[in-house]
Amino acid sequence: MSVESSSHFDAIVIGSGIGGLVTATQLAAKGARVLVLESYLIPGGSAGYFERNGYRFDVGASMIFGFGDRGTTNLLTRALEAVDTSIETIPDPVQIHYHLPEDLELKVHREYEDFVGELSALFPHEKEGIRKFYDECWRVFNCLNAMELLSLEEPRYLMRVFFQHPLACLGLVKYLPQNVGDIARRYIKDPTLLKFIDIECYCWSVVPAELTPMINAGMVFSDRHYGGINYPKGGVGQIAQKLVEGLEKKGSTILYKSRVKRILVENNRAVGVELVNNTRYYGDRIVSNATRWNTFQSLLPEEMLPASEERWQKRYQKSPSFVSLHLGVDASVLPEGTECHHILLENWEKMEESHGTIFVSIPTLLDPDLAPSGHHIIHTFTPSWINEWKGLSYSDYNAKKEEVADRIINRLEAIFPGLNAGLDYQEVGTPRTHRRFLNRQDGTYGPIPQRKLLGLLGMPFNRTAIPGLYCVGDSTFPGQGLNAVAFSGFACAHRIAVDLGL
Ligand SMILES: NC(=O)c1ccc[n+]([C@@H]2O[C@H](COP(=O)([O-])OP(=O)(O)OC[C@H]3O[C@@H](n4cnc5c(N)ncnc54)[C@H](O)[C@@H]3O)[C@@H](O)[C@H]2O)c1
Ligand SMILES: CC(C)=CCC/C(C)=C/C=C/C(C)=C/C=C/C(C)=C/C=C/C=C(C)/C=C/C=C(C)/C=C/C=C(\C)CCC=C(C)C
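Residues numbered from 1 in each chain as written. Chains lettered and ligands numbered in written order. Predicted model: local features only at pLDDT ≥ 70, side-chain atom pairs only at ≥ 80, totals over all residues. Heavy atoms only, no water.

Caption draft 1: Geometry of the site of ligand 2. Contacts to ligand 2 come from 30 residues, most closely from Met 63, His 342, Phe 359, Tyr 445 and Pro 478. Elements supplying a minimum of two residues to the shell around ligand 2: α5 (155-164), α6 (166-175), α8 (191-205), α9 (214-226), β15 (341-344), β16 (358-361) and α15 (482-500). Of the residues forming the shell around ligand 2, the biggest block, four residues, is contributed by α9. Considering only residue class, the shell around ligand 2 consists of 24 nonpolar, six polar and no charged. (Near = heavy atom within 4 Å. Helix = DSSP H or I, 4+ residues; strand = E, 2+ residues; numbered from the N terminus. Nonpolar A, V, L, I, M, F, W, Y, C, P; charged D, E, K, R; others polar.)

Below you can see the structure in the form of structure tokens.
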């Protein structure tokens, strides 16, 4: 589709990650005229997909929260509904099958009691502490799940939810500055069990319990048993595709291959954007779904870096990126009863190290149509820093990719014997790949605290110090995760709609 560059929009959204698309569709549903500019060929960002040799691979996100059918925290279901669309999803009976040091093997079942029972059987002396810890996570979740989730920067909304749900609001105020580690240690003493709580956090927050905000843990540790983990039929890419369909039905527009070079600022106010081909578009409100580092260091001139962003950059650093292997394998590699998501760690000391923890996702166990018949997809990834991949010649880079991939596959042989022999297709992505295709500085997975902070209190909301400019996505409250960036999209659109008087 083409649009006149002279036309004026209510809002321009830079980037079509789930954060950007939820903002755009929420605004379009309220009658706003929105333009989304995406540098890649298809929408979705980290939640995109690509096809090779009959396999449809998810780029990143694969363990999907937010597709529940009740409560208020099912934000992906709600985002799709707002533009009159929906997605068929397939419930995952187990969130994660953990393969941990000292032969600690356990599954996080969708049924809460099954999970707590299995964990308590492994740590019988901590039965009471386990129950108390996870019950406290439910208290956070129940507060969130009682109220409509919108912009915390809108005082009238805050007053309304406070009068409607005073106890839930006070509960959230109590948990906002807290981290998981402090609460876990209140109830649990066994050092191995505390390490387990660390990896329970690390696998989505990329930091141990000590640094993980309690509000986010309340969401993750409870919603996996409430709304559950549900995989979208046709692959994760469907979420963005459907949101785009809804956006267009509401009269708004997305343009692909449209990389924004800079945000246009007049009289200190963001008024538009300029693409790499020099086309300019103007709008009342500009929303950046690029990371805050990209937004304030690449899309705006250096001298405009607001003091508030400088302070944020001192509190938060870029998390590592990932090495990702997208594998096609013969179905015989996976024994009957294999679970969809696995975490492999052989040594607790290496949990946070580069290439320490290995994540595995096998979406074809839920949706076999994503691979040719008789085959499965194994998407496996492990944290890795961009520095490990810098300054290599073309051939050294490729050789290093092969070498790292071989090491990961050999380690995975412990869970999937015969994996190496059963390989049918292999594609290796590195932090450089993530930087290049997702436009994320250093390929980062998102912000992580530089040191222990007060829970979520230090995460910025959607407005920025530059009038007319908003941020959305995983470098805004409450951080990484599709359901989290969907929240950020709801909040951003709500604040803009109020600002525009919609
Ligand atoms: N659940 C999981 O399994 C899992 C796994 C990996 C990642 N994730 C998370 O998924 C979340 C999705 O995040 P998001 O919405 O913040 O963003 P995103 O990074 O997914 O998307 C940003 C989009 O903006 C585009 N873009 C960036 N700069 C641009 C520019 N200058 N011009 C035009 N387009 C530009 C990119 O191409 C991309 O499509 C992240 O939190 C990520 O950490 C989840
Ligand atoms: C008024 C007054 C007084 C007061 C007020 C207060 C209030 C209201 C407050 C509020 C708050 C809020 C709303 C909050 C919110 C929050 C949220 C929404 C959150 C969310 C979260 C989510 C999350 C974190 C998620 C995540 C996830 C993830 C990240 C995932 C990941 C995954 C992966 C990586 C995977 C791996 C694995 C394998 C493969 C195995």
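Back to the write-up after that little detour.
Caption draft 2: Representation of the side chain of Ser 288. Mapped onto the secondary structure, Ser 288 falls in strand β12 (residues 280-288). When neighbours within four sequence positions are excluded, Ser 288 is seen to be in contact with Ile 14, Thr 295, Leu 299, Tyr 470, Cys 471 and Val 472. (Contact = heavy atoms within 4.5 Å.)

Caption draft 3: View of the sheet that holds strand β17 (residues 375-384). Strand order in the open sheet made by the seven strands is β7-β6-β15-β16-β17-β14-β18, with mixed pairing throughout. Each end of this open sheet is capped by a strand with a single partner; those strands are β7 (104-109) and β18 (423-429). The mean inter-strand angle of the sheet, taken between neighbouring strand axes irrespective of direction, is 15°. Against the sheet, helix α14 (residues 431-438) contacts β14 (321-330), β17 and β18, and its axis sits at roughly 95° relative to β14. (Pairing = 2+ DSSP bridges. Axes fitted to C-alpha atoms, helices over the stretch in contact; angles between N-to-C directions.)

Caption draft 4: View of α8. Along its 15 residues, α8 runs 20 Å from first to last C-alpha, staying within 8% of the 21 Å computed at 1.5 Å per residue. A side-chain oxygen of the first residue of α8 lies 2.7 Å from the backbone nitrogen of Thr 192; this N-cap is Asp 190. Positive phi appears at Val 206, one or two residues downstream of α8, with a value of about 60°. (Expected span 1.5 Å × (residues − 1). Polar contact = N/O pair within 3.5 Å; in protein donor to acceptor, adjacent residues only side chain to side chain.)

Caption draft 5: Molecular detail of the nonpolar core. In terms of nonpolar packing, the biggest core is built from 120 residues, with Ile 18, Tyr 98, Phe 133, Tyr 134, Phe 196 and Ile 239 touching the most fellow members. At ten residues, α15 tops the list of elements feeding residues into this core. Beyond its immediate sequence surroundings of up to four residues, Tyr 134 is in contact with Tyr 112, Phe 115, Leu 119, Phe 196, Ile 197, Glu 200, Phe 221 and Arg 224. Counting 22 residues, the second-largest nonpolar core is a separate cluster that includes Ile 362, Trp 389, Val 404 and Ile 408. (Core = buried A, V, L, I, M, F, W, Y, C linked by side-chain atoms within 4.5 Å. Buried < 20%, exposed > 50% of the residue type's maximum accessible area, 1.4 Å probe, protein only.)

Caption draft 6: Seen up close, the pattern of salt bridges. Tallied over the entire structure, the rule returns 28 salt bridges. In this structure, Glu 210 and Arg 185 form a salt bridge, with 2.8 Å as the shortest nitrogen-oxygen distance. Placement of Glu 210 in the loop between α8 and α9 and of Arg 185 in helix α7 (residues 180-187) is noted, with a sequence separation of 25 residues between them. For Arg 185, a relative accessible area of 39% gives the class partly exposed. With a shortest N-O distance of 3.1 Å, Lys 233 and Asp 367 are connected by a salt bridge. Residue Lys 233 is located in the loop between β8 (230-232) and α10 (237-249), and its partner Asp 367 is located in the loop between β16 and β17; the two are separated by 134 residues in the primary sequence. Its relative accessible area of 1% is what places Asp 367 among the buried residues. Salt bridges linked by common partners bring Glu 154, Arg 156, Arg 495 and Asp 499 together as one network. (Salt bridge = Lys/Arg side-chain N within 4 Å of Asp/Glu carboxyl O.)

Caption draft 7: Looking closely at α9. For α9, which comprises 13 residues, the first-to-last C-alpha distance of 18 Å matches the rise-based estimate of 18 Å (1.5 Å per residue) to within 8%. Summarising burial for α9: twelve of the 13 residues are buried, a large majority. Those residues of α9 that fall on the buried side of the exposure criterion are Met 214, Ile 215, Asn 216, Ala 217, Gly 218, Met 219, Val 220, Phe 221, Ser 222, Asp 223, Arg 224 and His 225. A positive backbone phi angle near 85° is found at Gly 228, which sits one or two residues after α9.

Caption draft 8: Representation of empty space enclosed by the protein within the structure. Taken as a whole and assessed by the stated rule, the structure comprises two cavities of 30 Å³ or more. If you add up the space inside the largest cavity, you get close to 190 Å³. What lines the largest cavity is a set of 18 residues, and nearest its centre among them are Pro 213, Asn 216, Pro 447, Pro 449 and Gln 480. Top contributing element to the lining of the largest cavity by residue count: strand β19 (residues 447-449), with three residues. In terms of residue class, the lining of the largest cavity is built from twelve nonpolar, six polar and no charged. Estimates place the volume of the second largest cavity at around 30 Å³. Its residues placed into classes, the lining of the second largest cavity shows five nonpolar, two polar and no charged. (1 Å grid on protein atoms, 1.4 Å probe; cavity = no way out; pocket = protein on both sides within 12 Å on 5 of 7 lines; lining within 4 Å. Points joined across faces, edges and corners; volume = space filled by probe spheres on them.)

Caption draft 9: Structural detail: the site of ligand 1. Around ligand 1, a shell composed of 32 residues is seen, among which Glu 38, Ser 46, Ser 62, Val 260 and Arg 440 lie nearest. One of the backbone nitrogen or oxygen atoms of Ile 18 is found 3.4 Å away from an oxygen atom of ligand 1. Contacts to ligand 1 include Asp 474, whose backbone N or O atom sits 3.0 Å from an oxygen atom. Protein chains bury 93% of the 890 Å² of accessible surface belonging to ligand 1 in isolation. Elements supplying a minimum of two residues to the shell around ligand 1: α1 (18-29) and α15. (Areas by Shrake-Rupley, 256 points an atom, 1.4 Å probe, with all protein chains shown as cover.)

Caption draft 10: A look at the environment of Pro 372. Relative to the helices and strands, Pro 372 resides in the loop between β16 and β17. Exposure remark for Pro 372: the relative accessible area of 28% places this residue in the partly exposed category. A sequence separation of 319 residues divides Pro 372 from Asn 53, and the C-alpha atoms of the two residues are 8.5 Å apart. With residues near it in sequence (within four places) discarded, Pro 372 still touches Asn 53, Gly 54 and Tyr 55.

Caption draft 11: Structural detail: the UniProt feature "domain: Amine oxidase" (unreviewed entry) in the protein chain. With numbering aligned to this structure, UniProt lists the feature "domain: Amine oxidase" (unreviewed entry) at residues 18-496. Across residues 18-496 one finds 37% helix and 21% strand; the C-alpha atoms that close the span lie 17 Å apart. (UniProt positions renumbered as here; feature names shortened; annotations may be inferred.)

Caption draft 12: Structural view of the pairing of β17. Taking burial as the measure, the ten residues of β17 include nine buried ones, the bulk of the element. Where β14 lies against β17, ten bridges are found, and the strand directions are antiparallel. Counterpart to Phe 322 in the pairing with β17 is Pro 383.

Caption draft 13: Spatial organisation of the packing of aromatic side chains. For the structure shown, the criterion picks out 24 aromatic pairs. Taken together, a centroid distance of 6.0 Å and an interplanar angle of 80° make the contact between Trp 204 and Phe 221 edge-to-face. One end of the pair, Trp 204, is in helix α8; the other, Phe 221, is in helix α9, with 17 residues separating them in the sequence. What makes Trp 204 buried here is its relative accessible area of 14%. Judged by its relative accessible area of 1%, Phe 221 falls in the buried class. Between Trp 312 and Tyr 316 the ring centres are 5.7 Å apart and the planes differ by 25°, which places this aromatic pair in the stacked class. Put simply, the rings of Phe 115, Phe 133, Tyr 134, Trp 204 and Phe 221 pair up and form one aromatic cluster. (Phe/Tyr/Trp six-rings, centres within 6.5 Å; stacked < 30°, edge-to-face > 60°.)

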